[in-house]
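Take a look at the letters that make up each chain.
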Amino acid sequence: MIFDPLYWLVIGAGVVMSLAAQALVKSRFAHYSKLATRSGMTGAEIARRILADNGIRDVSVEPVRGHLSDHYDPRTKTLRLSEPVFYGSSMAAFGIAAHEVGHAVQDARGYAPLRFRSAWVPVANTGSGLSMFVIIAAFFMGGAATAMGSVAAWAGIALFATTTVFTLVTLPVEFDASRRALACLEGRYVTAEEHAGAKKVLDAAAMTYVAAFATSLLTLFYWAMQLGLLGGRDD
Ligand SMILES: [Zn+2]
């Protein structure tokens with residue numbers, strides 16, 4: 001499998017998609033973080049206002065080190081914004097701050113995909129840790145061509161699929177957070193032009209999650225094919 005050109009094609013396609021999406025996020029963030037908003041509020045202020053608009057009072061907003069390290073931590077109910085977002089008042093800062101508030105709103109409202117994703121984390125971690133051992137064992141047993149190999153092959157694929165499911169359920173969580181963010185900003189805190197700028201940044205960020213899912217799905221199909229689980233074999 002190490003010398004299989006198809007393997008490198010699959011992995012290469014995933015890497016290219018992920019790097020392209022990350023490059024797009026970086027360039028859009030760089031561009032829209034130079035464009036100031038008319039209100040002049042900081043990302044932290046916008047986040048606190050939108051939290052209050054949604055009746056959320058138990059979430060704190062803090063700065064965090066790093067570039068694009070913004071996230072919402074549901075365990076401690078903390079919204080951590082990277083310094084350019086926390087202190088910044090650009091279109092990019094507004095978009096990202098509002099997006100992270102979107103996750104806090106999902107948490108407060110018990111948004112089902114977010115709850116599922118949180119519960120799925122340990123399953124996906126275990127699945128990804130074991131899948132390679134089981135897939136390699138399945139190869140040694142002859143894959144789908146033997147009874148034992150077939151069982152091991154399906155088990156390995158099922159274990160790997162736990163990570164594909166994780167990347168899949170991440171999509172509604174991320175798209176919904178951005179949708180909520182843009183709806184909260186619209187008409188109240190930003191002009192139409194600023195709204196469009198924030199959307200450009202969030203759309204680019206969404207592409208990284210789409211790339212992660214596509215990569216995982218491609219890899220899953222690759223292993224299933226190599227193990228003989230997907231047709232193409234005459235037995
Ligand atoms: Zn997010």
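The preceding data block contains the structure.
Residues numbered from 1 in each chain as written. Predicted model: local features only at pLDDT ≥ 70, side-chain atom pairs only at ≥ 80, totals over all residues. Heavy atoms only, no water.

Participant: Which parts of the structure should I look at to understand the overall build of the protein?
Facilitator: The number of helices and strands found in the protein is 7 helices and 3 strands. The order of helices and strands in the protein, counted from the N terminus, is α-α-β-β-β-α-α-α-α-α. When its C-alpha atoms are laid out on the principal axes, the protein stretches across 70 × 35 × 30 Å. Evaluated residue by residue, the protein yields a buried proportion of 44% over its 235 residues. Taking contacts inside the protein between residues at least 6 apart in sequence as the whole, the part at least 24 apart equals 75%. Counting only carbon and sulfur atoms, one obtains 65% of the accessible surface of the protein, whose full area is about 12,000 Å². For the protein, the distance from the average site of its 20 positive side-chain charges to the average site of its 18 negative ones is 4 Å. (Helix = DSSP H or I, 4+ residues; strand = E, 2+ residues; numbered from the N terminus. Buried < 20%, exposed > 50% of the residue type's maximum accessible area, 1.4 Å probe, protein only. Contact = heavy atoms within 4.5 Å. Areas by Shrake-Rupley, 256 points an atom, 1.4 Å probe, with all protein chains shown as cover. Lys, Arg positive; Asp, Glu negative; His and termini not counted. Charge placed at Lys NZ, Arg CZ, Asp CG, Glu CD.)

Participant: Where do I start with the pairing of strand E3 (residues 78–82) in this structure?
Facilitator: The side chains of a regular strand alternate between both faces of the sheet. For E3, the buried fraction is high: 5 of the 5 residues fall into the buried class. Burial along E3 is two-sided: Thr-78, Arg-80 and Ser-82 and Leu-79 and Leu-81, pointing in opposite directions, are all buried. In this sheet, E3 lies alongside strand E1 (residues 60–64) in parallel orientation, the contact comprising 5 bridges. When the sheet's bridge partners are listed, Pro-63 is paired in E3 with Leu-81. In this structure, strand E2 (residues 71–73) lies alongside E3, joined through 3 bridges in antiparallel fashion. Considered in E3, the bridge of Tyr-72 is made with Leu-79. Connecting the antiparallel pair E2 and E3 is a turn made up of 4 residues, with Lys-77 showing a positive phi of about 50°. (Pairing = 2+ DSSP bridges.)

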